[in-house]
Amino acid sequence: MRTDDWLANTRESYDTVVASYADQMRGAIAKDRYLSAALSLFAESVDGGPVADVGCGSGHVTAHLAALGVTAFGVDLSPEMVAQARREYPDLRFEVGSMTDLDLPDASVSGVLAWWTLIHIPDAEIPGVLAHFHRVLRPGGRLQVGFHTGDESHLKTQGYGGHPMNVHVHRRPPERVAAWLREAGFEIEAHLLIAPDSSAPQALLFARRHPETPEARD
Ligand SMILES: C[S@@+](CC[C@H](N)C(=O)[O-])C[C@H]1O[C@@H](n2cnc3c(N)ncnc32)[C@H](O)[C@@H]1O
């Protein structure tokens, strides 16, 4: 599959589901003690920001961070998601963009949050994406990655109330994601496994850019 095909399919899929996605996600973090705690830990570690919420969707996570006192902004591939986020949180900044070509200056943020969005990036593109995360973070800056665990990929053809989608979802073992992060110049600070005994296990990895390394290690 050509790069522009999977990116275009992902963009179109999230453009299609935006209204029901926003309805389902609104207030969801406050109801989940593990996600809330993870965001609080992240917020405490980023020196007030700025934080880039990459793959921000309809903006509810960005807004949660802002409510915790962090200067946060969102970036998402889907123009409709960004439009929804701007409507819902008009005081916050949201931009259209892809993490495969992240348009942020070097060392410009103290945190990058990437929740359930690397799940749509094929393995071959992950090192390039993580190199962007590393580049835009200040030395010592924090990265938190959330994802579905497992070891398979499938094509999701509908979602969020039965709307048509055409997007690949990649489930990965936390150890594999951690290894990619280390290769990109990150140090792993913690793993959190959420619902590991359920049919939909998830993980959060807490990482930081090495304070002493100006560039990702070779
Ligand atoms: C499952 S949603 C997660 C949204 C939000 N992070 C959350 O946790 O609720 C995945 C989001 O990632 C975005 N996305 C997918 N590929 C992306 C890319 N290459 N660059 C930026 N955003 C992307 C989608 O448009 C969608 O809004």
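As a convention, each chain's residues are numbered from 1 in the sequence order in which they are written. Note on the predicted model: pLDDT of at least 70 is required for a residue's local features to be given, and 80 or more for side-chain atom pairs to be given and counted; whole-chain, interface and lining totals, by contrast, use all residues. Side-chain numbers come from the whole structure's heavy atoms, not from hydrogens or water.

Participant: Even after reading the chapter, I still don't get the overall build of the chain, so can you show me in this structure?
Facilitator: Secondary structure assignment for the chain yields 6 helices and 9 strands. Each radius of gyration reported is based on C-alpha atoms, and the globular scaling rule is 2.2 Å times the count of residues to the power 0.38. The C-alpha atoms of the chain give 16 Å as radius of gyration, which agrees with the globular expectation for 218 residues (17 Å, within 12%). A principal-axis box enclosing the C-alpha atoms of the chain has dimensions of 45 × 35 × 35 Å. Here a residue-residue contact requires only that any non-hydrogen atoms of the pair lie within 4.5 Å. Sequence separation of 24 or more characterises 66% of the internal contacts of the chain that already satisfy a separation of 6 or more. A 1.4 Å probe and the Shrake-Rupley method give the accessible areas. Residues count as covered only by the protein chains that appear here. Surface summary for the chain: the accessible area is close to 10,000 Å², and the carbon and sulfur share equals 51%. Of the charged side chains in the chain, 19 are positive and 29 negative, and the gap between their average positions amounts to 2 Å. Under the scheme used here, helices are H or I runs from DSSP no shorter than 4 residues and strands are E runs no shorter than 2 residues, and both carry numbers assigned from the N terminus. Only four residue types enter the tally: Lys and Arg on the positive side, Asp and Glu on the negative side; His and the chain ends are excluded. In plain terms, the charge of a residue is placed at NZ if it is Lys, CZ if Arg, CG if Asp and CD if Glu.

Participant: Looking at this structure, how should I read the side chain of Thr10?
Facilitator: With respect to the helices, strands and loops of the structure, Thr10 is situated in helix 1 (residues 3–25). On the basis of relative accessible area, Thr10 is assigned to the buried category, the value being 9%. Discounting residues that sit within four places of it in the chain, Thr10 has contacts with Leu77, His120, Asn166 and Val167. Residue exposure (1.4 Å probe, protein chains only): buried if accessible area is under 20% of the type maximum, exposed if over 50%, otherwise partly exposed.

Participant: Is there a simple way to explain the UniProt feature "domain: Methyltransferase" (unreviewed entry) in the chain in this structure?
Facilitator: UniProt positions are given in the numbering used here, feature names are shortened, and annotations may be inferred rather than shown by experiment. Mapped onto this structure's residue numbering, the UniProt feature "domain: Methyltransferase" (unreviewed entry) falls at residues 51–141. Secondary structure content for residues 51–141 is 32% helix and 27% strand, while the C-alpha to C-alpha distance between its ends is 10 Å.

Participant: Please clarify how the environment of Ala83 should be interpreted in this entry.
Facilitator: Along the polypeptide, Ala83 turns up in helix 4 (residues 79–88). Judged by its relative accessible area of 25%, Ala83 is partly exposed. Linking Ala83 and Leu204, residues 121 residues apart in sequence, is a C-alpha distance of 27 Å.

Participant: Got a minute to help me understand the packing of aromatic side chains in this structure?
Facilitator: For any pair of aromatic rings, the description rests on two quantities: the centre-to-centre distance and the angle between the ring planes. Pairing of aromatic rings covers Phe, Tyr and the six-membered ring of Trp, with a centre-to-centre limit of 6.5 Å; geometry is then stacked below 30 degrees between planes, edge-to-face above 60, and tilted otherwise. All told, the structure shown has 5 aromatic pairs when counted by the stated rule. Centre to centre, the rings of Trp115 and Trp116 are 5.5 Å apart; their planes meet at 85 degrees, and the pair counts as edge-to-face. As far as burial versus exposure is concerned, Trp115 and Trp116 are alike and both buried. Following the ring pairs from residue to residue traces out a cluster consisting of Tyr14, Tyr21 and Tyr160. Charge over a ring is defined by NZ of Lys or CZ of Arg lying within 6 Å of the ring centre and within 35 degrees of the ring normal. One cation-aromatic arrangement involves Arg93 over Phe73; the distance from NZ or CZ to the ring centre is 4.1 Å.

Participant: For this particular structure, what's the right way to read the sheet that holds strand 5 (residues 137–148)?
Facilitator: Two strands in a sheet stick together by hydrogen bonds in their backbones, pointing the same way (parallel) or opposite ways (antiparallel). When DSSP finds at least two bridges between two strands, those strands are taken to pair. What the 7 strands build is an open sheet, ordered 3-2-1-4-5-9-8; its pairing is mixed. Looking along the sheet, the strands with just one partner apiece sit at the ends: strand 3 (93–96) and strand 8 (186–194). The mean angle between the axes of side-by-side strands here comes to 15 degrees, regardless of whether they run parallel or antiparallel. With 7 bridges joining them, strand 5 and strand 9 (residues 202–209) adopt antiparallel strand pairing. Across the sheet, the residue bridging to Val145 is Leu205, located in strand 9. Helix axes are fitted to C-alpha atoms over the stretch in contact, other axes to C-alpha atoms as well, and angles between N-to-C directions run from 0 to 180 degrees. Packing of helix 5 (residues 126–136) onto the sheet brings it into contact with strand 1 (51–54), strand 4 (109–115), strand 5, strand 8 and strand 9, and relative to strand 5 it is tilted by some 145 degrees. Strands in contact with helix 6 (residues 174–183) are strand 5, strand 8 and strand 9; relative to strand 8, the strand with the most contacts, it is inclined by about 160 degrees.

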